[in-house]
Amino acid sequence: MGTDLHELLRSLRVWDVELPSFDPASTPAEPLPLFTAWFADAVAAGQSEPHTMSLATADEDGLPDVRIVMLHGADADGWAFASHVTSRKGRQLAARPYAALGFYWPAQGRQIRLRGPVEVALAEEGQADLHARSTEALAAALVGGQSEVLGSVAELGRVSDEAWDRAQREPDAPAPTWTLYRLRPEEVEFFQGDARRRHVRLVYRRTEPSPEGGGWRKELLWP
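Let me sum up the structure you'll find in this document. Residue positions are counted from 1 within each chain, in the order its sequence is given. Where totals are concerned, whole chains, interfaces and linings use all residues; where local detail is concerned, this predicted model gives features only for residues with pLDDT of at least 70, and gives and counts side-chain atom pairs only at 80 or more. The side-chain values count all of the structure's non-hydrogen atoms but skip hydrogen atoms and water molecules.

Quick look at helix 4 (residues 123-131)
So, step 1. The buried label applies to any residue whose accessible area, calculated with a 1.4 Å probe on protein chains only, is under 20% of its type's maximum; exposed applies above 50%, and partly exposed to all values in between. Helix and strand assignments come from DSSP, with helices taken as H or I runs of at least 4 residues and strands as E runs of at least 2, each series counted from the N terminus. Listed as buried for helix 4 are Gly126, Gln127, Asp129 and Leu130. Projected down its long axis, helix 4 shows its buried positions confined to an angular sector of 160°, all on one face.
So, step 2. We call two residues contacting when some pair of their heavy atoms lies within 4.5 Å. Where helix 4 is buried, its residues contact helix 5 (135-143) and strand 7 (178-183). This arc describes the spread of directions from the helix axis toward the C-beta atoms.

In structure tokens form, the structure reads like this:
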């Protein structure tokens with residue numbers, strides 16, 4: 001007997017945990033400190049892979065695309081992630097250098113959404129970021145060919161084995177197409193779920209530059 005998808009969906013529940021409170025009035029003037037605090041809370045709550053996020057881009061025709069990637073860092077320059085410049089996401093970012101990021105941490109009923117322009121970091125920064133990671137990460141980068149058609153699983157195994165051997169022999173081996181990107185958000189939304197569906201949504205919007213420097217405006221949104 002096949003699975004009844006709709007019946008299965010109706011049987012599921014969300015946030016079967018005690019959700020934290022969130023007071024928007026006590027939040028900082030900029031989003032980065034709040035992001036850092038929420039990220040630390042997610043780690044402390046045992047959230048699985050809190051550093052993974054959805055990355056949404058659009059191709060040259062404006063058609064959307066989305067996938068899960070890893071956060072490499074966040075600072076005043078933006079939220080960083082990496083990929084091959086020749087991959088699908090790399091080609092889309094070259095055509096339309098604007099993207100959105102989404103974090104979901106069900107252990108605390110929280111989401112964070114960002115969107116803004118994406119810049120390519122210096123090649124030296126990208127390689128330094130790669131070589132600061134694990135041997136497995138370097139081996140994966142050395143495989144290359146991301147998003148291209150693969151002939152067979154056996155071919156993947158052979159090339160991956162070769163890349164792994166090289167990564168072990170040459171921990172500083174370059175991966176020329178590996179690229180570090182930074183999204184500089186124009187908008188950052190923090191969503192705190194509530195068991196009674198009185199969700200709190202706080203959005204930071206970057207203000208126009210001025211002689212005194214740029215800043216952020218905070219607003220609440222209806223859930």
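A word on the side chain of Arg201
So, step 1. Within the secondary structure, Arg201 sits in strand 9 (residues 200-206).
So, step 2. Only 3.0 Å separates the side chain of Arg201 from the backbone oxygen of Trp222, close enough to count as a polar contact.
So, step 3. Beyond its immediate chain neighbours, meaning those up to four positions away, Arg201 contacts Arg113, Glu189, Phe190, Phe191, Glu219, Leu220, Leu221, Trp222 and Pro223. Whenever two N or O atoms come within 3.5 Å, that pair is a polar contact, provided that in protein one can donate a hydrogen and the other can accept it, and provided that, for residues adjacent in sequence, both atoms are side-chain atoms.

Considerations on the side chain of Asp59
So, step 1. With respect to the helices, strands and loops of the structure, Asp59 is situated in the loop between strand 1 (52-58) and strand 2 (64-70).
So, step 2. Nearest to the buried, unbridged Asp59 among oppositely charged side chains is Arg96, at 5.5 Å.
So, step 3. Separated by 2.9 Å, the side chain of Asp59 and the backbone nitrogen of Asp61 make a polar contact.
So, step 4. For Asp59, the residues in contact, after removing those within four places along its chain, are Gln92 and Arg96. Asp and Glu count as negative and Lys and Arg as positive, but His and the ends of the chain are not part of the count. The term salt bridge refers to a side-chain nitrogen of Lys or Arg lying within 4 Å of a carboxyl oxygen of Asp or Glu.

Some points on the packing of helix 5 against helix 6 (residues 153-169)
So, step 1. To obtain an axis, a line is fitted to C-alpha atoms, over the contacting stretch when the element is a helix, and the angle between two such axes runs from 0 to 180 degrees between their N-to-C directions. It is the contact of helix 5 with helix 6, at a shortest axis distance of 8 Å, that shows an interaxial angle of 130°. Here helix 6 runs oblique to helix 5, going by the angle between their axes. Helix-helix and strand crossings are classified by hand; for helix 5 and helix 6 the assignment is right-handed. Of the residues in helix 6, those in contact with Thr135, Glu136, Leu138, Ala139, Leu142 and Val143 of helix 5 are Val159, Ser160, Ala163, Trp164, Arg166, Ala167 and Gln168.
So, step 2. Split into classes, the residues belonging to the contact of helix 5 with helix 6 amount to 8 nonpolar, 3 polar and 2 charged. Roughly parallel here means an angle under 35 degrees, roughly antiparallel means over 145, roughly perpendicular means 65 to 115, and every remaining angle is called oblique. When the near helix sits turned anticlockwise from the far one by under a right angle, the crossing is termed left-handed; a clockwise turn instead gives a right-handed crossing. When residues are sorted by character, Ala, Val, Leu, Ile, Met, Phe, Trp, Tyr, Cys and Pro go into the nonpolar class, Asp, Glu, Lys and Arg into the charged class, and all the rest, Gly among them, into the polar class.

Regarding the environment of Gln111
So, step 1. Relative to the assigned elements, Gln111 resides in strand 6 (residues 110-120).
So, step 2. Given the relative accessible area of 27%, Gln111 is considered partly exposed.
So, step 3. Sequence separation between Gln111 and Gly157 is 46 residues, and the spatial gap between their C-alpha atoms is 37 Å.
So, step 4. The contacts of Gln111, once residues within four sequence positions are left out, are Trp38, Phe103, Tyr104, Glu189, Phe190 and Phe191.

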